[in-house]
Amino acid sequence: MTTRYQAPTPTARAANTAVRWPAELGISIAGTQVLRVRGRKTGKLRPVVVNLLTVDGMDYVVSPRGDTQWARNVRAAGVIDMGPRWRGERAVISEVADDAKPEVLRRYLAKWYWQVKGDAGGLTPQSGDDELRAAAPSIPVFALGKAGC
């Protein structure tokens, strides 16, 4: 995987926090959900607001900023909690192979480009297959599945 990380600006951090609070209460703003994952070092649950994308019945989350802390935590944990704090659902989560990412990225950008346009590694909804394949290694995409608890 090509490592790319685009740090959020202070404004983006504040906006993410402002959107996360209602999402923690079950109020989705433009498709947002809260993903909680255990930190690699602390073991504490770390919340992050993500856009949950459903393609052909499968749920995906994308890290448009690249190899973020939450993406690294997800890789290490393999299990997350998704949804409001009091009724979040446990899910297994696994990284999607680079060759399977272009279609997910195309749909993600079609839906949320207005929100992630400065963070998606130069991709746009009009990006072609070659551009999406070239960017795929630097944009983590994860598939969610039911946890067998």
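Our subject is the structure listed above.
Throughout this document, residue positions are counted from 1 along each chain, in the order its sequence is written. Given that this is a predicted model, residues contribute local features only at a pLDDT of at least 70 and side-chain atom pairs are listed and counted only at 80 or more, while totals for whole chains, interfaces and linings are drawn from all residues. To get the side-chain values, take all heavy atoms of the structure and skip hydrogens and water.

Q: Just checking my understanding: could you explain the environment of L52 for this structure?
A: Numbering of helices and strands runs from the N terminus, with a helix taken as a DSSP run of H or I at least four residues long and a strand as a DSSP run of E at least two residues long. As for its position among the elements, L52 is in the loop between β2 (45–51) and β3 (53–55). Spatially, the C-alpha atoms of L52 and A135 are 20 Å apart, while their sequence positions differ by 83 residues. Ignoring any residue separated from it by four or fewer positions in sequence, one finds L52 in contact with G31, Q33, D59, Y60, V61, M82, W112 and L144. Working rule for contacts: check all heavy atoms of both residues, and any pair within 4.5 Å makes them a contact.

Q: Looking at this structure, I do not really get the nonpolar core. What am I missing?
A: One recurring pattern in soluble globular proteins: nonpolar side chains tend to sit buried together. Throughout, nonpolar core names a set of buried Ala, Val, Leu, Ile, Met, Phe, Trp, Tyr and Cys residues whose side chains join them through atoms within 4.5 Å. When accessible area is computed with a 1.4 Å probe and restricted to protein chains, residues below 20% of their type maximum are described as buried, those above 50% as exposed, and intermediate ones as partly exposed. Of all hydrophobic cores here, the largest spans 18 residues; its most connected members are Y60, V62, L123 and V141. At the level of elements, β3, β4 (58–62), α3 (101–116), α4 (129–135) and β7 (141–146) are the ones that each hand at least two residues to this core. With 6 residues, the single largest contributor to this core is α3. Core analysis: the second largest hydrophobic core is formed by 15 residues, W70, A71, F142 and L144 among them.

Q: Before we go on, may I ask you to explain the sheet that holds β7 in this structure?
A: When DSSP finds at least two bridges between two strands, those strands are taken to pair. Across the sheet, 7 strands lie side by side as β2-β1-β5-β6-β7-β4-β3; this open sheet has antiparallel pairing. Strand pairing shows two members of the sheet lacking a second neighbour, β2 and β3, which therefore form its edges. Strand-to-strand twist across the sheet, computed as the mean angle between neighbouring axes with direction ignored, equals 40°. Sheet topology places β3 next to β4; 3 bridges connect them, and they run antiparallel. Whenever a helix is involved, its axis is fitted only over the stretch in contact; in every case the axis is a line through C-alpha atoms, and angles between N-to-C directions fall within 0 to 180 degrees.

Q: Could you clarify how one ought to interpret the packing of aromatic side chains in this entry?
A: The description of two aromatic rings rests on the distance between their centres and on the angle between their planes. Only centres within 6.5 Å qualify two rings of Phe, Tyr or Trp (six-membered ring in Trp) as a pair; their planes then separate them into stacked at under 30 degrees, edge-to-face at over 60, and tilted for everything else. With the rule as written, the count across this model stands at 2 aromatic pairs. Ring geometry for W70 and F142: centres 6.0 Å apart, planes at 50°, overall tilted. Pair noted here: W70 is in helix α2 (residues 69–77) and F142 is in strand β7, with a separation of 72 residues, a long-range link. By relative accessible area, W70 is classed as buried at 12%. On the basis of relative accessible area, F142 is assigned to the buried category, the value being 1%. Here the aromatic rings of Y108 and W112 are separated by 5.3 Å at their centres, their planes lie at 50°, and the arrangement is tilted. One end of the pair is Y108 and the other is W112, both in helix α3 and 4 residues apart, which spans about a single turn.

Q: How should the pattern of salt bridges be read in this particular structure?
A: A pair can form between side chains of opposite charge whenever their charged atoms are brought close. Each salt bridge in this description consists of a side-chain nitrogen of Lys or Arg and a carboxyl oxygen of Asp or Glu lying within 4 Å of one another. A full pass over the atoms with the stated rule returns 11 salt bridges. Measuring nitrogen to oxygen at the nearest pair gives 3.9 Å for the salt bridge that ties D67 to R72. Assessed through its relative accessible area of 12%, D67 is described here as buried. Residue R107 is joined to E103 by a salt bridge in which the shortest nitrogen-to-oxygen separation is 3.0 Å. Of this pair, R107 and E103 both sit in helix α3, 4 residues apart, which is roughly one turn of the helix. Judged by its relative accessible area of 35%, R107 falls in the partly exposed class. Salt bridges here are not isolated pairs; linked through shared partners, they connect D67, R72, R75 and E95.

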